[in-house]
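# Descriptive structure summary
The chain contents come next:
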Amino acid sequence: MKNYFASWFLLFGFLFLISNQVQARSISPSESIALADQQTEAPQSPITDSVHPAEPEHEAAHGHAPAWLVIPFVALLLMIATGPLFYEHFWHHNYPKIAVSLAATVVLYYLFVLHNVHNPVHALAEYVQFIALLASLFIASGGILIEVDKKSTALANVTLLVVGAVISNLIGTTGASMLLIRPFIRLNKDNIQPYHIIFFIFMVSNIGGSLTPIGDPPLFLGFLKGVPFFWTLTHNWPAWVLALTILAILFYLIDRRFGGTKGTAELDEEVSYSNKISLSGTKNFLWLLVIIISVFLDPNVLDWVPAIHYDGQKFSFIRESIMFAVAYLSFRFADKKALTGNEFNFEPIREVAFIFIGIFGTMMPALELVGTFAQSEEGAAMITYNSLYWGTGLLSGFLDNAPTYLNFLAAAMASQGADINVIQQVKDFALNNYLDSSFELMAISIASVFFGAMTYIGNGPNFMVKSIAEQSGIKMPSFFGYILRFSIPILLPILFITWLVFFAFAG
């Protein structure tokens with residue numbers, strides 16, 4: 001257990017260092033009033049809040065969280081990590097109450113002590129967007145049954161993983177994960193092992209979706225902010241190819257050694273395989289298409305899309321309404337054979353929904369501390385390709401990669417006098433109209449997606465894949481076991497190689 005907690009002490013030590021820097025720069029209430037008066041006379045650089053970059057003209061009215069308010073977030077992460085390991089029965093029956101209670105504690109402090117409605121409202125908006133997309137993709141893909149009549153081999157497995165990585169860019173990492181995880185488990189039913197699922201998370205649920213804004217939530221948020229649609233494809237594909245190639249080779253070698261059917265050699269000789277792929281519930285592909293089209297209905301990009309106006313910003317609701325409607329209709333009219341074959345139930349999305357209520361609610365102070373420090377004089381001076389890659393990456397693994405992407409993009413832009421809330425400036429930043437800005441955005445983009453695979457909570461699909469695997473009888477590693485047995489020895493060296501090839505010697 002000492003090794004387990006060493007990793008956490010490093011992370012929380014980093015947050016503590018940031019909190020000290022932020023507290024050193026804090027001001028008294030009287031000074032805050034004076035500063036508010038000054039802000040009406042002079043422009044200020046953009047500052048990010050916990051989930052969504054705050055508008056400068058509103059910033060003076062929003063109270064900031066004290067450093068100790070990260071305790072509920074730390075407590076939630078520790079319970080997610082230790083609950084299934086040491087008090088499984090209690091955790092399984094009470095995690096919804098724990099997650100909601102910790103989130104409510106932080107939100108109520110923001111509302112009634114800090115009088116800050118801005119951050120909770122943005123956190124709620126981000127959560128609704130997050131869960132609408134995940135729930136609709138999960139339910140719609142659950143009505144599609146893919147049956148592969150093929151013998152489990154290392155080559156067949158690695159082919160499925162690579163195909164899944166490509167598909168992730170078309171229907172998102174969530175859609176590809178939910179569509180393929182059950183066929184992948186069935187293909188390896190005679191000897192399914194945890195490493196099969198972990199490599200699936202690495203390749204399909206995360207790194208695979210690096211090439212389009214549809215692929216992964218942080219890239220989609222960047223697109224909504226102004227990053228051109230094909231920017232990710234033209235800039236991220238070399239790192240995508242490198243990381244997936246290494247992972248595919250590693251998986252093939254491991255699966256050749258430990259995979260395949262065990263103790264059934266004679267049976268395999270008698271069984272004949274047609275090598276055919278059959279599909280049931282194909283009409284649900286139309287529902288998936290509706291979901292993908294709806295993601296572009298954002299009022300911040302298309303002025304004609306109706307929006308909820310609050311605090312100087314426009315919040316989407318048409319897109320989310322369509323997604324929730326698709327979630328209901330795709331299940332209501334789904335092929336019963338497909339649902340039965342997939343052993344479909346709502347427990348995986350239920351677990352994600354409650355866990356991420358806790359994460360979105362409690363991580364506001366942590367992200368606020370990180371964002372504020374990153375845009376201070378001390379923080380801005382530290383902004384380099386290296387710090388953007390490792391900073392965005394490490395925090396993406398523990399704070400959810402989408403809001404972390406926004407915070408570090410805002411910080412990088414602010415260091416060059418640009419504003420993340422101005423779409424044209426984001427576009428200019430992506431097109432390298434600032435000093436090496438395109439390369440900085442590349443570091444942020446690759447890190448946020450790749451490092452999302454470091455933990456179960458780094459990206460939404462990770463938790464759902466884990467839950468489906470456990471329901472199928474696969475004994476998955478604990479939160480810490482995942483990090484120590486797979487992320488550190490397998491994924492981290494690949495992330496280091498990616499940094500070494502693309503960023504370490506740049507400039």
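These numbers were taken from a predicted model, which means no experiment stands behind them.

## Structural notes on the overall build of the protein chain
A tally of helices and strands in the protein chain yields 22 helices and six strands. Burial analysis of the protein chain (507 residues in total) assigns 57% to the buried set. Considering only intrachain contacts with a sequence separation of at least 6, the fraction spanning at least 24 residues in the protein chain is 81%. With the model as given, the accessible surface of the protein chain reaches about 20900 Å², and the carbon-plus-sulfur share is 66%.

## Quick word on the packing of aromatic side chains
Note on aromatic pairs: each is described by the distance of the centres and the angle between the planes. According to the stated counting rule, one finds 35 aromatic pairs in the structure shown. A centroid spacing of 5.2 Å and a plane angle of 90° characterise the contact between tyrosine 389 and tryptophan 390, whose relative ring orientation is edge-to-face. Tyrosine 389 gets classed as buried once you look at its relative accessible area, which sits at 0%. For the ring pair phenylalanine 439 and phenylalanine 503, a centre distance of 5.3 Å and an interplane angle of 50° mean the geometry is tilted. Highlighted residues: phenylalanine 439 in helix 20 (residues 437-450) and phenylalanine 503 in the segment after helix 22 (479-502), separated in sequence by 64 residues. Given the relative accessible area of 1%, phenylalanine 503 is considered buried. Members of the aromatic cluster, each reached through a chain of ring pairs, are Tyr385, Tyr389, Trp390, Phe439, Phe451, Phe496, Trp499, Phe502 and Phe503. Over the aromatic face of phenylalanine 258 sits the side chain of arginine 257, whose NZ or CZ is 4.9 Å from the ring centroid.

## Digging into empty space enclosed by the protein
Following the criterion strictly, the structure yields four cavities of 30 Å³ or more and no others. Empty space within the largest cavity amounts to approximately 220 Å³. Surrounding the largest cavity, 17 residues form its lining, Glu126, Gln129, Phe130, Pro217 and Leu221 being those nearest its centre. Going through the elements one at a time, helix 5 (118-142), helix 8 (217-225), helix 12 (318-332) and helix 18 (401-414) are the ones with two or more residues in the lining of the largest cavity. Top element by residues in the lining of the largest cavity is helix 5. It accounts for five residues. Reported here for the second largest cavity is a volume of approximately 110 Å³. Forming the boundary of the second largest cavity are 14 residues, of which Leu133, Gly172, Ile214, Gly215 and Pro217 lie nearest the centre. Of all the secondary-structure elements, those providing two or more residues to the lining of the second largest cavity are helix 5, helix 6 (154-187) and helix 8. By residue number, the principal contributor to the lining of the second largest cavity is helix 6, which donates four residues.

## Remarks on the nonpolar core
Counting 141 residues, the largest nonpolar core has Ile80, Ile197, Phe200, Phe202, Tyr389 and Phe503 as the members making the most contacts within it. The element best represented in this core is helix 6, accounting for 14 residues. With residues near it in sequence (within four places) discarded, phenylalanine 503 still touches Tyr385, Asn386, Tyr389, Phe439, Met442, Ala443, Ile446 and Thr498. Grouped together as the second largest cluster of nonpolar side chains are eight residues, Ala65, Val106, Tyr109 and Ala123 included.

Calculation rules
- Residues numbered from 1 in each chain as written.
- Predicted model: local features only at pLDDT ≥ 70, side-chain atom pairs only at ≥ 80, totals over all residues.
- Heavy atoms only, no water.
- Helix = DSSP H or I, 4+ residues; strand = E, 2+ residues; numbered from the N terminus.
- Buried < 20%, exposed > 50% of the residue type's maximum accessible area, 1.4 Å probe, protein only.
- Contact = heavy atoms within 4.5 Å.
- Areas by Shrake-Rupley, 256 points an atom, 1.4 Å probe, with all protein chains shown as cover.
- Phe/Tyr/Trp six-rings, centres within 6.5 Å; stacked < 30°, edge-to-face > 60°.
- Lys NZ or Arg CZ within 6 Å of the ring centre and 35° of its normal.
- 1 Å grid on protein atoms, 1.4 Å probe; cavity = no way out; pocket = protein on both sides within 12 Å on 5 of 7 lines; lining within 4 Å.
- Points joined across faces, edges and corners; volume = space filled by probe spheres on them.
- Core = buried A, V, L, I, M, F, W, Y, C linked by side-chain atoms within 4.5 Å.

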